[in-house]
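Secondary and tertiary structure notes
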Amino acid sequence: MSMRRLVIGIRGRVQGVGFRPHVFSLAKTLNLTGFVRNCGTGVILEIQGKNVHAFLEALPHNLPPLARIDACDVTESACVTDEACFTILHSLQEQANTIIAPDTAPCDACLQELFDPESRYFQYPFLNCTHCGPRLTITADLPYDRAQTAMRHFPLCEACHTEYHHPENRRYHAQPIACEACGPELECDIEAIVSALKIGKIVALKGPGGYQLLCDARNASAVNTLRARKQREQKPFAVMVENIEAAACFAEVNVTAQALLESRARPIVLLKKRRPERLCASLAPHLSHLGIMLPATPLHHLLFKVMGMKNAALVVTSANISGNPLIIEDETAKGALSGIADIIISHNRDILTRVDDSVVTIINNAPVLIRRARGFVPERIALPMRIPGTLALGGHLKNTFCITRDDEAFVSQHIGSLTNRETIAFFHESIDYWKRLLNADIERVACDWHPDFYTSRLAQSFNLPVTPVQHHHAHLAAVAAEHGLNERTLGLALDGYGYGREGEAWGGELFNLEATRFERIGHFEPLMLPGGERAAREPWRMGAAVLHQLNLNARITTQFAHLPQAALLASHLKQATKMPRTSSCGRLFDAASALTGVCLMSQYEGQAAMQLESLVATPTVLPNGWCIKNNRFSMLEVFRELLHLNPVEGAGLFHGTLIAGLSEWLLMNAQKHQLNTILLSGGCFLNKVLTEGLYGRLTQSGLQVYLPERLPPNDGGLSLGQAFIAGAGNVSGHAGANH
Ligand code: ZN
Ligand code: ZN
Ligand code: FE
């Protein structure tokens with residue numbers, strides 16, 4: 001073998017994750033000389049020796065846990081003389097074009113030190129290393145250097161300094177490195193927090209991405225007090241447990257669930273309850289599933305250790321005033337949380353970027369995101385092509401926004417509903433932050449068709465071309481974008497609400513999709529929408545609308561006898577000639593939930609549908625329970641039957657019939673339009689029974705079915721679809737979005 005020199009440029013997640021030490025030790029093992037350094041696009045290295053080929057082969061293997069190579073560019077170069085060794089050089093001061101890793105739960109090596117009395121990190125709640133710890137939440141700007149993070153206020157002690165500079169140490173260039181001697185401090189003893197929790201107190205604790213409220217999940221009076229003080233009567237709480245054994249004590253944990261619970265992202269995972277009497281009933285009332293998570297920070301681990309109880313469970317919920325963003329500032333916490341928490345515990349490491357806990361459910365034995373935030377953000381999504389830099393402003397509720405850079409899309413953390421000043425401020429703050437972090441050139445803006453949304457008005461203010469995108473088109477385009485699909489497809493959106501072509505309320509839509517255009521080829525038969533937006537909060541109104549449409553108007557007052565407005569609504573329906581209508585699938589679930597007596601008034605989004613789904617034992621089919629006319633899909637007939645069934649039978653019949661009807665409708669259209677690929681998206685696909693049932697039937701019939709995987713099927717995924725349509729619609733060779 002002869003001597004060669006290679007110049008290698010690497011793109012991907014290669015900064016701040018221990019990539020250079022990996023390269024360093026590999027080069028040393030193979031007797032290579034040269035250097036490695038961080039640069040604006042990732043890492044650049046030059047290697048020289050007889051084993052350069054072996055280096056290229058070995059490089060992708062045994063990468064540090066957080067590293068990822070997206071592209072590797074190799075060119076031959078002339079050998080240099082007088083190069084004695086391999087070195088790690090200082091970063092080039094270029095514009096940053098790379099990205100940091102998401103926040104990551106403590107690694108095994110760190111946990112070992114946390115509980116090792118001999119370690120200098122023993123019981124230190126802020127320990128971390130190159131493979132784990134906070135990232136996005138403590139970063140103000142790129143390049144990712146300690147001076148740009150919340151750690152800039154903590155000069156390294158001698159021991160930390162040594163570890164930080166030693167290429168063979170696990171903490172080599174670990175920017176958040178800290179120890180008891182030099183790092184951040186918790187405001188009080190862990191023992192004090194634990195004793196408060198043990199006697200049923202509510203504790204506000206500065207968590208990884210914002211303040212969290214904690215209480216003993218097995219103490220009914222503590223949970224009820226928290227509900228009362230947070231004014232959150234029914235919306236489920238998630239619980240944190242120490243380990244998999246404890247999780248399995250409260251919920252069904254299979255291999256997929258275990259992998260998700262233990263994943264570095266540490267999301268809340270919705271799992272089927274097991275032995276519900278072990279936890280108090282008010283954690284997730286009337287729901288079959290419970291959100292469970294494992295400790296996400298060293299501090300969480302210490303809490304459980306000090307509690308020292310087998311199967312301890314803590315409610316962990318974001319500490320915000322309902323509807324507002326998570327609190328991250330210590331001063332705000334002291335003011336706003338004083339009426340909710342008995343004690344408020346802070347520490348002096350600032351949270352620079354607010355990031356909620358992520359929430360995941362399991363469908364078809366694979367994870368599906370409900371809320372994408374800590375642990376997943378800022379993971380990029382690879383697009384099938386390069387598109388002009390686009391800022392997509394997302395939806396009105398469950399907002400996220402998306403910024404594209406070449407062929408990569410970055411979807412922001414969950415922002416929330418843009419219905420109050422505080423969340424809108426967080427939205428603006430985050431757009432500025434992400435624009436800075438990504439250093440992206442924005443050439444276009446995308447928003448929803450709805451003319452009155454805050455985002456649609458904002459879109460006009462950038463002085464850039466604006467592409468408005470239909471809500472359900474965006475849902476489906478997001479699926480196409482993440483799967484890199486470019487062919488003609490069928491798309492079914494089952495959703496709550498989206499602005500239609502004439503301003504109607506859409507939400508059960510069948511599209512023909514090609515390039516960045518859509519054609520609405522079918523939809524759910526519209527139902528009357530009594531009270532407009534109010535109907536979504538009061539499912540009984542949809543129940544009344546269905547009764548009216550079944551010519552059972554007289555039954556409205558008996559069915560909903562205890563609701564004072566029932567008689568008024570019944571007569572209103574009778575006289576109304578111009579009542580707004582909706583083709584929403586979500587509202588159909590509301591009607592079914594109300595008419596089976598499961599949920600008449602809802603306190604949180606999706607409550608009626610979630611409670612109905614929770615009751616399903618076996619989906620059953622009413623053979624003529626649906627009807628397809630002029631490619632309009634109607635479920636009216638099944639409702640006639642529901643009126644005679646108990647809630648469990650009703651829930652099973654509604655789900656089973658919907659699945660059977662939709663499959664027939666979709667297969668019919670697939671055949672008619674000669675399409676073999678179908679995209680499914682929209683909030684209703686968080687319904688496990690519906691999604692698994694429909695997916696099973698369609699794939700068994702030979703269709704290729706695509707669902708959202710990297711983003712939520714709900715409105716949290718809209719911004720990617722908007723960006724893709726606006727961006728790809730303006731790449732030459734692609735047709736624009738139609739409006
Ligand atoms: Zn670690
Ligand atoms: Zn130190
Ligand atoms: Fe939606």
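Conventions adopted
- The residue numbering used here restarts from 1 in each chain and proceeds along that chain's sequence as written.
- Ligands are numbered from 1 and chains lettered from A, in the order in which they are written.
- It should be noted that, the model being predicted, local features are given only for residues of pLDDT at least 70 and side-chain atom pairs only at 80 or more, the latter also being counted only at that level, while totals for whole chains, interfaces and linings use all residues.
- Note that the side-chain values use all heavy atoms of the structure and ignore hydrogens as well as water.
- Each metal's donors are the N, O and S atoms within 2.8 Å of it, or within 3.2 Å when it is Na, K or Ca, and because water is not part of the set, sites may look incomplete.
- For a four-donor site, all angles between 85 and 135 degrees give tetrahedral; for four or six donors, opposite pairs above 155 degrees with the remaining angles between 65 and 115 give square planar or octahedral; all remaining cases count as irregular.
- By the criteria applied, helices consist of DSSP H or I runs no shorter than four residues and strands consist of E runs no shorter than two, each listed in order from the N terminus.
- Here's how the labels work: a residue is buried when its accessible area is under 20% of the maximum for its type, exposed when over 50%, partly exposed in between, all with a 1.4 Å probe on protein chains only.
- Being paired, for any two strands, means DSSP has found at least two bridges between them.
- Helix axes are fitted to C-alpha atoms over the stretch in contact, other axes to C-alpha atoms as well, and angles between N-to-C directions run from 0 to 180 degrees.
- We call two residues contacting when some pair of their heavy atoms lies within 4.5 Å.
- Any two of the Phe, Tyr and Trp rings considered here, Trp counted by its six-membered ring, make a pair once their centres fall within 6.5 Å; the pair's planes then place it as stacked at under 30 degrees, edge-to-face at over 60, or tilted in between.
- Any Lys NZ or Arg CZ found within 6 Å of a ring centre and within 35 degrees of that ring's normal is scored as a charge over the ring.
- Angle categories: roughly parallel below 35 degrees, roughly antiparallel above 145, roughly perpendicular from 65 to 115, and oblique for all the rest.
- Note on convention: near helix rotated counterclockwise from far helix by under a right angle means a left-handed crossing. Clockwise means right-handed.
- A helix's residues, less one, multiplied by 1.5 Å, set its expected span.
- Two N or O atoms form a polar contact when they lie within 3.5 Å of each other; inside protein one atom must be a possible hydrogen donor and the other a possible acceptor, and for residues adjacent in sequence the pair counts only when both atoms belong to side chains.
- Charged residues are taken to be Asp, Glu, Lys and Arg, nonpolar residues to be Ala, Val, Leu, Ile, Met, Phe, Trp, Tyr, Cys and Pro, and polar residues to be all remaining types, Gly included.

Section: the coordination of the zinc ion (ligand 2)
Each donor-metal-donor angle would ideally measure 109.5 degrees in four-coordinate tetrahedral geometry, or 90 or 180 degrees in six-coordinate octahedral geometry. Protein coordination at the zinc ion (ligand 2) comes from Cys157 (SG), Cys160 (SG), Cys179 (SG) and Cys182 (SG), with a distance range of 2.2 to 2.4 Å. Around the zinc ion (ligand 2), the four donor atoms sit at angles spanning 101 to 118 degrees, and that spread fits a shape best called tetrahedral. Mapping the donors of the zinc ion (ligand 2) onto the primary sequence gives the spacing C-x2-C-x18-C-x2-C. Of this pair, Cys160 sits in helix α4 (residues 158-165) while Cys179 sits in the loop between α4 and α5 (190-198); the two residues are 19 residues apart in sequence, bridging distant segments of the chain. For Cys179, a relative accessible area of 3% gives the class buried.

Concerning the coordination of the iron ion (ligand 3)
For the iron ion (ligand 3), the full set of protein donor atoms is His471 (NE2), His475 (NE2), Asp495 (OD), Asp495 (OD) and Asp715 (OD), and the range of their distances to it is 2.1 to 2.7 Å. For the iron ion (ligand 3), all donor residues lie on one chain, and their spacing in sequence is H-x3-H-x19-D-x219-D. A residue pair is termed long-range when its members are at least 10 positions apart, and His475 in helix α13 (residues 471-483) and Asp495 in strand β21 (residues 489-499) qualify at 20 residues. No difference in accessibility class separates His475 from Asp495, as the two residues are buried.

Some words on the sheet that holds strand β20 (residues 466-469)
Pairing is mixed in the open sheet, where six strands are placed in the order β15-β18-β17-β16-β19-β20. Only two strands of the sheet have a single neighbouring strand rather than two, namely β15 (380-382) and β20. The average angle at which neighbouring strand axes cross in this sheet is 25 degrees, direction not considered. Note: strand β16 (residues 390-392) against strand β17 (residues 402-405), two bridges, orientation antiparallel. By the bridge assignment for β17, Leu391 is matched with Ile403. Each of β16, β17 and β18 (408-411) touches helix α11 (residues 421-438); the most contacted strand, β17, lies at about 15 degrees to it. Relative to the sheet, α13 contacts β15, β19 (444-448) and β20, its axis offset from that of β20 by approximately 100 degrees.

Some details on unusual backbone geometry
Look at the link from Val377 to Pro378: it is a cis peptide, with omega at 10 degrees. Within the element layout of this structure, Pro378 appears in the loop between β14 (366-371) and β15. One non-glycine residue with positive phi stands out, namely Asn551, at about 60 degrees. With respect to the secondary-structure elements, Asn551 resides in the loop between α15 (539-549) and α16 (555-559). Even without a glycine there, the phi angle at Asn631 is positive, about 60 degrees.

Focus: the packing of aromatic side chains
Throughout the structure, instances matching the rule amount to 13 aromatic pairs. The interplanar angle of 90 degrees and the centroid separation of 6.4 Å between the aromatic rings of Tyr433 and Trp434 together place this pair among those described as edge-to-face. For the pair shown, Tyr433 and Trp434 are each scored as buried. Ring pairs connect the aromatic residues Trp449, Trp506, Phe511 and Phe518, which therefore count as one cluster. The ring centre of Phe115 lies 4.5 Å from the NZ or CZ of Lys305, which sits over that ring. Between Arg354 and the ring centre of Phe426, over which it is positioned, the NZ or CZ distance is 4.6 Å.

Side note on the environment of Met293
Mapped onto the elements, Met293 comes out in strand β10 (residues 289-293). Taking the relative accessible area as the measure of exposure, Met293 reaches 0% and is therefore buried. Along the sequence, Met293 and Pro388 sit 95 residues apart, while their C-alpha atoms lie 39 Å from each other. Setting aside anything within four residues of it in sequence, one finds Met293 in contact with Val239, Met240, Val241, Leu261, Arg266, Pro267, Ile268, Asp357 and Arg374.

A word on the packing of α15 against helix α17 (residues 566-575)
Where α15 contacts α17, the axes come no closer than 10 Å and their chain directions differ by 45 degrees. The angle between α15 and α17 places the two elements in the oblique class. Note on packing geometry: the crossing formed by α15 with α17 is right-handed. Facing Trp540, Arg541, Ala544, Ala545 and His548 of α15, the residues of α17 in contact are Ala566, Leu569, Leu573 and Lys574.

Brief notes about the side chain of His414
Secondary-structure assignment places His414 in the loop between β18 and α11. Residues in contact with His414, not counting those within four places in the same chain, are Asp356, Arg371, Arg372, Ala373, Lys398, Asn399, Thr400 and Phe426.

Focus: the sheet that holds strand β12 (residues 343-345)
In space, the nine strands of this open sheet follow the order β12-β6-β7-β11-β8-β10-β9-β13-β14, with mixed pairing throughout. The strands lining the two open edges of the sheet, one partner per strand, are β12 and β14. Looking at each pair of strands side by side, their axes are set apart by 35 degrees on average, direction ignored. As defined by bridge partners, strand β7 (residues 211-216) adjoins strand β11 (residues 313-318) across five bridges and the pair is classed as antiparallel. When the bridges of β11 are listed, Asp216 appears paired with Leu314.

Topic: α11
Look at α11: 26 Å from first C-alpha to last across 18 residues, which is about the 26 Å you get at 1.5 Å a residue. Among all positions in α11, only Thr423, Ile424, Phe426, Phe427, Ser430, Ile431, Tyr433, Trp434, Leu437 and Leu438 are buried. At its buried positions, α11 is contacted by β16, β17, β18 and α12 (454-459). For α11, the N-terminal capping position is held by Asn420, with its side-chain oxygen 3.2 Å away from the main-chain nitrogen of Glu422. One or two positions beyond α11, positive phi appears at Asn439, with a value near 50 degrees.

Looking at helix α19 (residues 607-615)
Every α-helix winds through 3.6 residues per turn, so residues three or four apart in the chain are directed the same way. Along α19, the residues classified as buried are Gln607, Ala608, Gln611, Leu612 and Glu613. Looking at the buried residues of α19, the elements they touch are α15, α18 (585-595), α21 (647-672) and α22 (688-700).

Let's talk about the packing of α13 against helix α23 (residues 718-728)
Remark: α13 packs on α23, axes separated minimally by 7 Å, with the N-to-C direction vectors making an angle of 85 degrees. Taken together, the axis directions place α13 and α23 in an arrangement best described as roughly perpendicular. Counted together, His471, His473, Ala474, His475, Ala477, Ala478, Ala481 and Glu482 of α13 and Leu718, Leu720, Gly721, Gln722, Phe724 and Ile725 of α23 form the full contact between these two elements. Per-class residue counts for the contact of α13 with α23 are eight nonpolar, five polar and one charged.

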